[in-house]
Amino acid sequence: KIDVRNGEDVAKLEKYLETHVFGGRGVKFVTGGGGGGGPETQSFQFGNTETGIHIVNAATVAELSEKTGIDIDPLRFRPNIVLSGVPAWQEFEWVNGAPIILGAVKMSVVSKTIRCEGINVNLATAKTDSDLPGLITKHYPQHGPYLGVYAKVLEGGEIECGDLLRVL
């Protein structure tokens, strides 16, 4: 477990990400405004969001990959949480519906995530290699250029890899 309020834990996280994820490129962990207590606190919010939790369903991404013939990593969508074991596109059914519980955290799913051109950049190559918002709209016109959902925390707690998701 990593406590993002603990400077030593944050340093370990930064080192791990630098070594195992970003190929030796430096990593600086920052928390959102409101005092996370990490080594640096910044306040930033994308203009189209009201909440801080972005959830992406791995099955949705896998289905999109299959339809488009493009190998797409769920991390390309910059989620805070990647779900597995949930049928593709089911996350859209949770918008403005019953709360969900993941681990000890109770959340309300408040909106679908509209996709911008930032997801066109391949994480492995740092090059633009597709028009994913356009491809989502082409292959899934019922969903438009949306993939992922935003959630608002109703009751805080811990989430660990492997925790089960419950829809209340």
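Look a little higher up for the structure.
A brief structural summary. Bear in mind that the values here come from a model prediction, so they are computed numbers and not experimental data.

**Remarks on helix α1 (residues 7-20)**
Inference 1: Helix length check: α1 (14 residues) gives 20 Å between terminal C-alpha atoms against 20 Å at 1.5 Å per residue, within 8%.
Inference 2: Those residues of α1 lying buried are D9, V10 and E14. Mapping the buried residues of α1 onto a view down its axis gives an arc of 140°, with all of them on the same face. Relative to its buried face, α1 has exposed residues pointing more than 90 degrees away, namely E8, K12 and H20.

**Notes on the packing of aromatic side chains**
Inference 1: Applying the stated criterion to the full structure yields two aromatic pairs.
Inference 2: Ring geometry for W89 versus F92: centroids 5.4 Å apart, planes at 65°, classification edge-to-face. Exposure class is identical for W89 and F92. Each is buried.
Inference 3: With 4.7 Å between their ring centres and 50° between their planes, W89 and Y140 make a pair best called tilted. Residue W89 is found in the loop between β2 (81-83) and β3 (100-102), and its partner Y140 is found in the loop between α3 (132-139) and β5 (146-155); the two are separated by 51 residues along the sequence.
Inference 4: Assessed through its relative accessible area of 8%, W89 is described here as buried.
Inference 5: One aromatic cluster is present, built from ring pairs that chain together W89, F92 and Y140.
Inference 6: The ring centre of Y146 lies 5.9 Å from the NZ or CZ of K112, which sits over that ring.

**What about the nonpolar core?**
Inference 1: Membership of the largest hydrophobic core comes to 25 residues, with the highest contact counts inside it found for I55, L64, F77, L83, M107 and L147.
Inference 2: Among the elements of the structure, β1 (53-57), α2 (58-68), β2, β3, β4 (105-114), α3 and β5 are those that each provide at least two residues to this core.
Inference 3: Leave out the neighbours within four places in its chain, and F77 touches H54, V56, V61, L64, I72, R115, I119, L132 and L147.

What counts, and where the lines are drawn
Residues numbered from 1 in each chain as written. Predicted model: local features only at pLDDT ≥ 70, side-chain atom pairs only at ≥ 80, totals over all residues. Heavy atoms only, no water. Helix = DSSP H or I, 4+ residues; strand = E, 2+ residues; numbered from the N terminus. Expected span 1.5 Å × (residues − 1). Buried < 20%, exposed > 50% of the residue type's maximum accessible area, 1.4 Å probe, protein only. Arc of directions from axis to C-beta. Phe/Tyr/Trp six-rings, centres within 6.5 Å; stacked < 30°, edge-to-face > 60°. Lys NZ or Arg CZ within 6 Å of the ring centre and 35° of its normal. Core = buried A, V, L, I, M, F, W, Y, C linked by side-chain atoms within 4.5 Å. Contact = heavy atoms within 4.5 Å.

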